[in-house]
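Listed here are the chains, written in short residue letters.
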Amino acid sequence: FTTFLLFRCSMCSDLKNHLSDEGESFVSHSVFDTLPRFVLYDVNKPEGFNLRRDVFIRMASFIHYLNKKSKYQWILVLPPWHRLYHWRSTNIMQDHLPWSLFFNVESIKKTTPVVELHEFFQINKLRSLDAHVTLQHFNSFEENPEYFDKWEITNCKGHVQSEFWNLKNLTYTLSLCISFQGSSTLLAEIIEELQPRTIIFDHAELALHNFYSGKEYWAIRKSMQFSNNLHEVAKGFKKKYLKQDYMCAHLRRRDFVYGHPNNVPSIKETATQIKDKLNLLNNIDTVYIATDSSKEEFLELCEYLQDYKVFKFIADEETLNRYLDGGIAIIDQIICSQAIYFIGTSHSTFSFRIQEEREILGFPVETTFNCFCGDNNKECTQPTKWRLVE
Ligand code: GFB
């Protein structure tokens, strides 16, 4: 224990010494104390878009907490969107994308102090970041049976990412690995210990929600409005094809078919469950399909739903080139969030985010928290009703 504390304190005083030396060389301390400080973060590579949106809420909540506690002003740097695993189009560049392509950043800024990465670079120039922290799990459950909030500087396990978003010009005064267990507000203790002006946390998804689905959660969530451009595309599609009431079904396929075999129905069974819902919804014969399925699976579904009007948004080349796979997925989410009835895929964060959007829009709860059941699991558990709190 003593060895650990010595190790930890010597690293921090190194950092503090370095910061004051470097700080004095370009700016006086008093001015320096009034300058904002910045938190950057990144998420485990294979995670998808909608889990990343959830991690943003946790980090925003941490920034709110930090700004209440700290004498400095803290700003969160929005991590660029970069080559997500689920973005399958191969003939378009989908790297280094700002949040403004997908979101209304001005709306986010009204609730949380954020800047885009390019804005951060304008402020910080090419200065090194003071600290680069890789969060990692504590050792296995056998070695760590009790769950309570804690963190500890330790040896790095496995691969440590030092080149974020393929940027060659990021350097760090101090790099360390921290075993971490707890909510995102616990990150404030790390800030307190290291006293950085700029810090990047990798594997930010390890920091959990302080209070999932509470008042602050919803305030941040509501601020994450999609960009006006994407709303316009969705509106244009609806005006042309969905003039009548429609139900939306989100079918998460591909890796989910193998990853959640008990919860993801076959295409034939999916069609049966859609028909059952349409029969319950008097006078509705129109269904909008949002899916990551193959073309073959979608055509198979259409065969089974021949007696109904089935729609799907298929982007033309210009729209795809402009808004990319991420934007097309959001257009699907916008259209589903405005449907008269929604049924999603169990465990999919893509479906969860649609449910949240519908809560924000004020749809009756029974039209929102519904999911498909697996072929052999007809009475499956339906999604938890996470109601809007204001
Ligand atoms: O969003 P996401 O985290 O949701 O990842 P899950 C799924 C991605 O697949 C989306 C595409 O962000 C889209 O790029 N996608 C899925 C869709 N459904 C649709 C759709 O209806 N329309 C369009 N246009 N695109 C998690 C992943 O996925 O599943 C994890 O985040 C992991 O990394 C886990 O793979 C098994 O929660 O559904």
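About the thresholds
- Residues numbered from 1 in each chain as written.
- Predicted model: local features only at pLDDT ≥ 70, side-chain atom pairs only at ≥ 80, totals over all residues.
- Heavy atoms only, no water.
- Helix = DSSP H or I, 4+ residues; strand = E, 2+ residues; numbered from the N terminus.
- Rg over C-alpha atoms; globule rule 2.2 N^0.38 Å.
- Contact = heavy atoms within 4.5 Å.
- Pairing = 2+ DSSP bridges.
- Axes fitted to C-alpha atoms, helices over the stretch in contact; angles between N-to-C directions.
- Parallel < 35°, antiparallel > 145°, perpendicular 65-115°, else oblique.
- Left-handed = near helix turned anticlockwise from the far one by under 90°.
- pLDDT = per-residue confidence, 0-100.
- Buried < 20%, exposed > 50% of the residue type's maximum accessible area, 1.4 Å probe, protein only.
- Right-handed = clockwise from strand over helix to strand, strands pointing away.
- Polar contact = N/O pair within 3.5 Å; in protein donor to acceptor, adjacent residues only side chain to side chain.
- Near = heavy atom within 4 Å.
- Areas by Shrake-Rupley, 256 points an atom, 1.4 Å probe, with all protein chains shown as cover.
- Expected span 1.5 Å × (residues − 1).
- Salt bridge = Lys/Arg side-chain N within 4 Å of Asp/Glu carboxyl O.
- Phe/Tyr/Trp six-rings, centres within 6.5 Å; stacked < 30°, edge-to-face > 60°.

### Considering the overall build of the protein
Looking only at helices and strands, one finds 13 helices and 12 strands in the protein. In terms of C-alpha radius of gyration, the protein reaches 23 Å, essentially the compact-globule figure of 21 Å for 390 residues. Along the first, second and third principal axes, the C-alpha atoms of the protein reach 75 × 50 × 40 Å. Of the contacts made within the protein by residues no fewer than 6 positions apart, 76% connect residues no fewer than 24 positions apart.

### Focus: the sheet that holds strand β11 (residues 309-311)
With parallel pairing, the 4 strands of this open sheet are ordered in space as β11-β10-β9-β12. Every other strand in the sheet has two partners, leaving β11 and β12 (341-343) as the edge strands with one partner each. Neighbour to neighbour, the strand axes of the sheet diverge by 20 degrees on average, direction disregarded. By the bridge criterion, 3 bridges tie strand β9 (residues 247-251) to β12 in an arrangement that is parallel. By the bridge assignment for β12, Met 247 is matched with Tyr 341. Strand contacts of helix α10 (residues 267-280): β9, β10 (286-291) and β12, with the helix running at about 160 degrees to β9, the strand carrying the most contacts.

### Focus: the packing of helix α8 (residues 228-241) against helix α12 (residues 317-337)
Running from N to C, α8 and α12 point in directions that differ by 65 degrees, and their axes come no closer than 9 Å. Considering the angle they form, α8 stands roughly perpendicular to α12. Handedness of the α8/α12 crossing: right-handed. Contacts from Asn 229, Leu 230, His 231, Val 233, Ala 234, Phe 237 and Lys 238 of α8 reach α12 at Thr 319, Arg 322, Tyr 323, Gly 327, Ile 330, Ile 331, Ile 334 and Ile 335.

### Examining the confidence of the model for the protein
In this model, the protein carries an average pLDDT of 92, and 91% of its residues clear a pLDDT of 70 or more. Considering each helix and strand of the protein separately, the mean pLDDT is smallest for helix α1 (residues 2-26), with a value of 41, and largest for β9, with 99. Taken as a whole, residues 1-14 scores under 50 in pLDDT and shows 12 contacts with residues more than four places along the chain or in a different chain. Throughout residues 17-28 the model reports pLDDT below 50, and contacts reaching past four residues in sequence, or to other chains, amount to 14 contacts. Complex prediction metrics read pTM 0.93 and ipTM 0.98.

### Digging into the pairing of β10
Counting buried residues along β10, 6 of its 6 residues qualify, which places the element largely inside the surrounding structure. Across the two faces of β10 the burial is the same, with Thr 286, Tyr 288 and Ala 290 and Val 287, Ile 289 and Thr 291 all buried. Relative to β10, β9 runs parallel, the two being bridged by 5 bridges. Bridging from a neighbouring strand, Ala 249 pairs with Ile 289 of β10. Across 3 bridges, the pairing between β10 and β11 is parallel. Opposite Thr 286, over in β11, you have Lys 309 as the bridge partner. Chirality of the crossover, the property in question, places the unit of β10, helix α11 (residues 295-304) and β11 among those that are right-handed.

### Quick look at the side chain of Glu 356
On the secondary structure map, Glu 356 appears in helix α13 (residues 349-361). Residue classification places Glu 356 among the buried positions, given a relative accessible area of 6%. Within the structure, the side chain of Glu 356 is placed 2.9 Å from the side chain of Arg 353, a separation counted as a polar contact. Excluding residues that lie within four positions of it along the chain, Glu 356 makes contacts with Tyr 212, Tyr 217, Trp 218 and Arg 221.

### A short note on the site of the ligand
Surrounding the ligand, one finds 20 residues, the nearest of these being Asn 50, Arg 252, Asp 332, Ser 348 and Thr 349. Residue Ser 348 places a side-chain N or O atom 2.7 Å away from an oxygen atom belonging to the ligand. Residue Thr 349 places a side-chain N or O atom 2.6 Å away from an oxygen atom belonging to the ligand. Burial of the ligand by the protein amounts to 85% of the accessible area it has alone, namely 700 Å². Mapped onto the shell around the ligand, the elements with two or more residues apiece are α3 (49-69), α9 (255-259), β10, α12 and α13.

### Let's talk about α10
Given 3.6 residues per helical turn, the α-helix brings residues three or four places apart onto the same face. Taking 1.5 Å per residue as the helical rise, α10 with its 14 residues ought to reach 20 Å, and the 20 Å between its terminal C-alpha atoms agrees with that figure. Among all positions of α10, only Ile 267, Glu 269, Thr 270, Ala 271, Gln 273, Ile 274 and Leu 278 are buried. Where α10 is buried, its residues contact β9, β10 and α11.

### Considerations on the pattern of salt bridges
Under the counting rule described, the total for this entry stands at 17 salt bridges. The salt bridge partner of Arg 58 is Asp 54, with a shortest N-O separation of 2.7 Å. Highlighted residues: Arg 58 and Asp 54, both in helix α3, separated by 4 residues, approximately one helical turn. Both residues of the pair, Arg 58 and Asp 54, belong to the buried class.

### A look at the packing of aromatic side chains
Applying the stated criterion to the full structure yields 23 aromatic pairs. Centre to centre, the rings of Tyr 212 and Tyr 217 are 4.8 Å apart; their planes meet at 65 degrees, and the pair counts as edge-to-face. On the basis of relative accessible area, Tyr 212 is assigned to the partly exposed category, the value being 27%. An aromatic cluster of three or more residues is present, and its members are Phe 49, Phe 56, Trp 81, Trp 87, Trp 99, Phe 102, Phe 103 and Phe 226.

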